[in-house]
Amino acid sequence: MSEFKRSALMLALAAAGVCPWLASADTTALQQNNNQPAQAPAAVESSSKKSDKEQIEVIEVRSFAGSLIQSLNVKRFNDTVSETISADDLGALPDVSMADALTRLPGVSAVRTGGQASEINIRGMEGGFVFSTLNGREQVSTNGKRNIEFDQYPSELINSAAVYKSPKASLIEGGVAGSVELQTASPLKAAEQHNFVVNARGSFNDRADEVSDATEVGDRFSFSYQGKYLDDTLGLSLGYARLFQPSVSTQFVGFNYNNEKDVDAVKGDSTPAELISEGFEMQHRGGEETRNGYVAALEWAPDERLTVKADAFISKFDTKAFARGFRAKFESSGAIIDNAIIKDNLMIGGTIKRASDGNTRVEMVNDDNTDFDEVRSYGFNTDYQLTDDLSVNLDIAHSSSSSNFRNGLLWSLASTDANAAKPVVDPNVSITYLLNGLDLPSIGINQAASFTDINKMLVSKYGIYPTLNTDEVDAYRLDFTYKIDNPIISSLEAGLRYSERDYTNDRQVFEFGADNMFLASEAPLRLTQNMVKVVDFKGDFAAFPSYLAIDLNKALADWFPNGVPQPKQTWGNGYAGLANPVAGGKSTPWSVFESGDVYEDVTAAYLMANIDTEVFGLPLTGNLGVRMVETKQQATNLTYVNGDASQGAQYITDEAGLVSDDYAPSIVGMKYRDYLPQLNLNLALTDNDQLRFAAAKVMSRPPINQLSAVTTFNVASNGDVTGSATKSPFLKPFYAEQFDLSYERYFEDSSGAFVAAVFYKNIKSFIQQDTITDFDFAAAGFPLPAYVPGTEPGNPDGLPPRTPNPIGDYSTAVNNDEGGYIRGAELAYTQVFKFLPEFWQGLGLSASYSYTESEISTEVQNGRQSFKADLKGLSPNVFTVTAFFEYEGFETRLSTRFRDDFVSDQSALQDQEIRYEAEMVMDYQASYQVTEQLGLLFQVNNLLDEPTKSYWGDTAYTGTIQFFGRQYYLGATYSF
């Protein structure tokens, strides 16, 4: 019943010119039935397919307009609420990565990091609520969280992408906001017998000349091959994509308000203490990003019943970056403050002077950061048609990632005389500033002349703080599809999935010197002329002081002639928990506490019925199912027991050989089970109009790094047990109930579509720090002592032996029960204006708008300041517009993306939540197909040189102002 009706409809559409890729559409439907997300069919110049009754010639133009229509057709026949991007679309858009490409879809926006889109938000929810797969398989990330970094996925190697806004039971759970499915090419579905594509582009950043030592020119190169052999039964696909690009920015960062002092001298003031910022920094940032991506697939289909496929994807993303400039640090209540300018009890300007023996200072910064990331994905899939009605699909998958981020710093201070036998920090510090909202502030520093004088500046501190993490998941999946002859249900699907995930985080540290003084034991470095050069700020930042850029290798070679000591995971020789701590030594137990392992095992099963029937004579399709998920999560744990062996204290030796016995190591965790019912219904009102409804219960697990644990617990003399932890392996997922309703109108002449949708999500809970009462420490695996301390058998006080009460209060990150709704509406319109005179028939427009609101708000606490914030990642208004024109091989288009203010994380002195200003990013592309094989293109990304700007709750309290520049591309594509 389902096949006949869908086939008949598609034949009619093809005859009318609405569905030009009829042959591929059948394949898309088959993929859905086999629990594989729908993939956009490969573009062809011309092809034909012979059906049982007739032969229909299928013609498709390789163009941007054609790819848009192709994407709409995939959306039209999908059985969930989704958005798609086709292969041609990805190859033609001016996108460095999949993050940029996905933001062109309705309801999808991006957070820019270093000027590039990396994290995506869906329907007002941040990246942590977005689940992603590659070829239907769960992907791990290099960032220690659940959401992948999309800039690690080259658009040249991805054949199609889909954003699922409503789930179905056969899809892997994990996305409260939505799920993103990336697909690499299937060689046996290629249109040509052999197909080679070579793409080469050069790039240029127009702000690189403002940053000393920045790279101006970059390049992109990609190569792909698809071939079919042995009478089209064996297919091979290979691809390689390289990106080398400059990373350039100039920035001002205002720090949060973590100090307080009465500076307005108003007697009887109800708030006698005003809040004072920790300071600010001005920096040049530069560096190079190199990404090498590889993809391969081998597919064998000896007959129509069996298909076997093995595929691999690898992406290596290396970043080498520097940050140079100066940082002003204000001391707290001891500072001397004159002419303070106050707004709503926060100081936004004034003159700050160093008090006697104070810490107000200006640091000259020469930081060096490297990041070596790699993601790997391997899979093996077998699809077998056991009978005419029963098919089985077996999938084995491995996804892994590794990251080695090395945050290095080299800080200098002004001295009274750098050549003195015992140099001292210049105490004459005066900093005058006035914030200017979302524009650059006014700044004056009395030590400005010293910043370029080697007779004044001394390097006071060197530090390096590596973060090494690995994450890997092995998964096994078995799916069955059984066709039945029923007036309502066309087929049943059922499946099992089991996965094991291991996450490891390793923190290391090496520090020499101090950031606020010159140490006698770790003497500062005197700079020489061959180590430095004077650097000026330029352009919008030209008014700010010049400084010395230091050659890191030369400085370290002089400071450490016997070689630079390497960072280690260590307690630090000054840690009080050592048997013999060194007076004045370093204390770095955080490097031990922040290291550890997380283990997660997931067992899932589902049953789903595919619906194909009629209601009042109108075709109704969709699915109804339920997914059962059982999760077991555990983490290594260090519990502070003050060296008590009866509570499990052990000698823990760090990488430097230092030993502490304060902690009891253990593995703690929990197991839980969820049932996720899901419904999707599609009602065909006419041949061109359809109504969709979806309802589901969804979940998103906490970030994997938030499941780690370091716990302190105490057994009181009365036997009561209390404990605390900053993170927790006892966190449960975020849950939501969601509903979608959409209307889709597809135009008669295959020229576009109009879509209107509304959605509602009822979020059940969020993670916050809280206290769990009646927590069972014993059941959770904590090492409780056999007896309350002091009451052990034979104790000298003669107290009766007493066992601790295993139930107590546990303060940690928890799932609160205060959720709320997220609701919104989306509009999307795409049309190629074929009704215009011939020359203008290639003119078109693709636009989308989404409005999102939520009753969920949080109190963001940064230092001593707090402000009311929306849900992280939520922009009330988001729109995208692409205007394009095509004529006889020439194409040009202008794409614009806008999002309202939103809250996200900012990296300054540490990660903090901050509000980002609305932004509009515009890209341009022009191309010309010189011959059938050769095409030329020109692109400009960030055409308006849109900066990133953020603020602390009110625009008067400046956060970040960062300019990245425009990125120009010139290149060619050759296929044969």
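Calculation criteria
Residues numbered from 1 in each chain as written. Predicted model: local features only at pLDDT ≥ 70, side-chain atom pairs only at ≥ 80, totals over all residues. Heavy atoms only, no water. Helix = DSSP H or I, 4+ residues; strand = E, 2+ residues; numbered from the N terminus. Buried < 20%, exposed > 50% of the residue type's maximum accessible area, 1.4 Å probe, protein only. Areas by Shrake-Rupley, 256 points an atom, 1.4 Å probe, with all protein chains shown as cover. pLDDT = per-residue confidence, 0-100. Contact = heavy atoms within 4.5 Å. Polar contact = N/O pair within 3.5 Å; in protein donor to acceptor, adjacent residues only side chain to side chain. Expected span 1.5 Å × (residues − 1). Pairing = 2+ DSSP bridges. Salt bridge = Lys/Arg side-chain N within 4 Å of Asp/Glu carboxyl O. Arc of directions from axis to C-beta. Phe/Tyr/Trp six-rings, centres within 6.5 Å; stacked < 30°, edge-to-face > 60°. Patch = residues over 30% accessible without salt bridge, like charges linked within 9 Å, V, L, I, M, F, W, Y side chains within 5 Å. Core = buried A, V, L, I, M, F, W, Y, C linked by side-chain atoms within 4.5 Å.

Asker: Help me understand the overall build of the protein chain, please; the structure alone is not making it clear to me.
Answerer: Assigned secondary structure in the protein chain consists of eight helices and 53 strands. Residues classed as buried in the protein chain amount to 56% of the 976 residues present. Carbon and sulfur atoms make up 54% of the accessible area of the protein chain, which amounts to about 38,500 Å² in all.

Asker: What's the story with the confidence of the model for the protein chain in this structure? I'm lost.
Answerer: Low-pLDDT portions of the prediction should not be read for the details of their coordinates. When the pLDDT values of the protein chain are averaged, the result is 86; 88% of them are 70 or greater. Counting interchain partners and residues more than four positions distant, the pLDDT-below-50 stretch residues 1–61 has 137 contacts.

Asker: Please explain the side chain of aspartate 426 as it appears in this structure.
Answerer: Along the chain, aspartate 426 turns up in the loop between β20 (390–414) and β21 (430–436). A polar side-chain atom of aspartate 426 sits 3.0 Å from the main-chain amide nitrogen of asparagine 428. Apart from the residues within four sequence positions on either side, aspartate 426 is in contact with Ala414, Ser415, Thr416 and Gln447.

Asker: Help me understand helix α3 (residues 64–77) in this model?
Answerer: Each full turn of the α-helix corresponds to 3.6 residues, which orients residues three or four apart in the same direction. Over its 14 residues, α3 runs 21 Å from end to end, which matches the ideal 20 Å to within 8%, given 1.5 Å per residue. Taking burial as the measure, the 14 residues of α3 include 14 buried ones, the bulk of the element.

Asker: Please clarify how the sheet that holds strand β6 (residues 130–134) should be interpreted in this entry.
Answerer: Taken together, the five strands give an open sheet; going across it, the order is β3-β8-β9-β6-β7, and neighbouring strands pair in mixed fashion. Because the sheet does not close on itself, it has two edges, and the strands there are β3 (82–85) and β7 (137–138). Here β6 pairs with β7 via two bridges, running antiparallel. In the sheet register, threonine 133 faces β7, and the bridge partner there is glutamate 138.

Asker: Help me understand the pattern of salt bridges in this model?
Answerer: Oppositely charged side chains can form a pair if their charged atoms are brought close together. Applying the stated criterion across every chain yields a total of 43 salt bridges. One salt bridge in this structure joins glutamate 138 and arginine 501, with 3.3 Å as the shortest N-O distance. Highlighted residues: glutamate 138 in strand β7 and arginine 501 in strand β24 (residues 489–507), separated in sequence by 363 residues. Here glutamate 138 and arginine 501 have matching classes, each one buried. We note a salt bridge from glutamate 826 to lysine 165, for which the minimum N-O separation is 2.9 Å. Residue glutamate 826 is found in strand β41 (residues 820–832), and its partner lysine 165 is found in the loop between β8 (160–164) and β9 (178–183); the two are separated by 661 residues along the sequence.

Asker: Got a minute to help me understand helix α6 (residues 552–559) in this structure?
Answerer: For α6, the set of buried residues is Ala555, Leu556 and Trp559. Projected down its long axis, α6 carries its buried residues within an arc of 95 degrees, all on one side. Tucked into the core, α6 has its buried residues touching β20, β23 (457–483), β25 (510–513), β26 (525–526) and β28 (547–550). With a side-chain oxygen lying 3.2 Å from the backbone nitrogen of asparagine 553, the N-terminal cap of α6 falls on aspartate 551.

Asker: Please clarify how the packing of aromatic side chains should be interpreted in this entry.
Answerer: In this description, a pair of aromatic rings is defined by centroid distance and the angle of the planes. One pass over the full model with this rule turns up 41 aromatic pairs. With 6.1 Å between their ring centres and 55 degrees between their planes, tyrosine 462 and phenylalanine 510 make a pair best called tilted. A residue pair is termed long-range when its members are at least 10 positions apart, and tyrosine 462 in strand β23 and phenylalanine 510 in strand β25 qualify at 48 residues. According to the relative accessible area criterion, tyrosine 462 is buried, its value standing at 8%. The exposure class of phenylalanine 510 is buried, given its relative accessible area of 14%.

Asker: Would you explain a nonpolar patch on the surface in this entry?
Answerer: A cluster of nonpolar side chains, Leu685, Leu691, Phe693, Phe739, Leu741, Val758 and Tyr760, forms an exposed patch at the surface whose accessible area comes to about 540 Å². Those elements that provide at least two residues to the nonpolar patch are β34 (689–700), β37 (734–746) and β38 (752–763). With a relative accessible area of 38%, phenylalanine 739 lands in the partly exposed category.

Asker: Please clarify how the nonpolar core should be interpreted in this entry.
Answerer: Membership of the largest hydrophobic core comes to 60 residues, with the highest contact counts inside it found for Phe280 and Leu527. When neighbours within four sequence positions are excluded, phenylalanine 280 is seen to be in contact with Phe252, Val253, Gly254, Phe255, Phe326, Arg327, Ala328, Phe330, Ile431, Tyr433 and Ile443. Judged by nonpolar contacts, the second largest core, of 38 residues, contains Ile85, Ala101, Leu105 and Ile763.

Asker: Where do I start with unusual backbone geometry in this structure?
Answerer: What you tend to see is this: most non-glycine residues have negative phi, and most peptide bonds are trans. One non-glycine residue, asparagine 135, adopts positive backbone phi at about 55 degrees. Mapped onto the fold, asparagine 135 is located in the loop between β6 and β7.

Asker: So what exactly am I meant to see when it comes to the pairing of β3 here?
Answerer: If a strand is regular, its side chains alternate between the two faces of the sheet. Burial of β3 is two-sided: the residues Ser82 and Thr84 facing one way and the residues Glu83 and Ile85 facing the other way are all buried. The pairing of β3 with β8 spans four bridges and is antiparallel. Paired with glutamate 83 across the two strands is valine 163, which belongs to β8.

Asker: Can you help me understand the environment of methionine 457 in this one?
Answerer: Looking at where methionine 457 falls in the secondary structure, it is placed in strand β23. Distance from methionine 457 to threonine 416, taken between C-alpha atoms, is 8.9 Å for residues 41 residues apart in sequence. With near-sequence residues (within four places) excluded, methionine 457 lies in contact with Met364, Ser412, Leu413, Ala414, Ala418, Ser450, Phe451, Leu527 and Leu548.

Asker: Sorry if this is basic, but what is going on with the environment of isoleucine 148 here?
Answerer: Turning to its location among the elements, isoleucine 148 is positioned in the loop between β7 and β8. Setting aside residues no more than four positions away along its own chain, isoleucine 148 makes contact with Ser132, Gln139, Val140, Ser141 and Tyr153.

Asker: Help me understand the environment of glycine 286 in this model?
Answerer: Turning to its location among the elements, glycine 286 is positioned in strand β15 (residues 279–303). Separated by 70 residues in sequence, glycine 286 and glutamate 216 place their C-alpha atoms 9.9 Å apart. If we skip the residues at most four places from it in the chain, glycine 286 touches Val211, Ser247, Lys320, Ala321 and Phe322.

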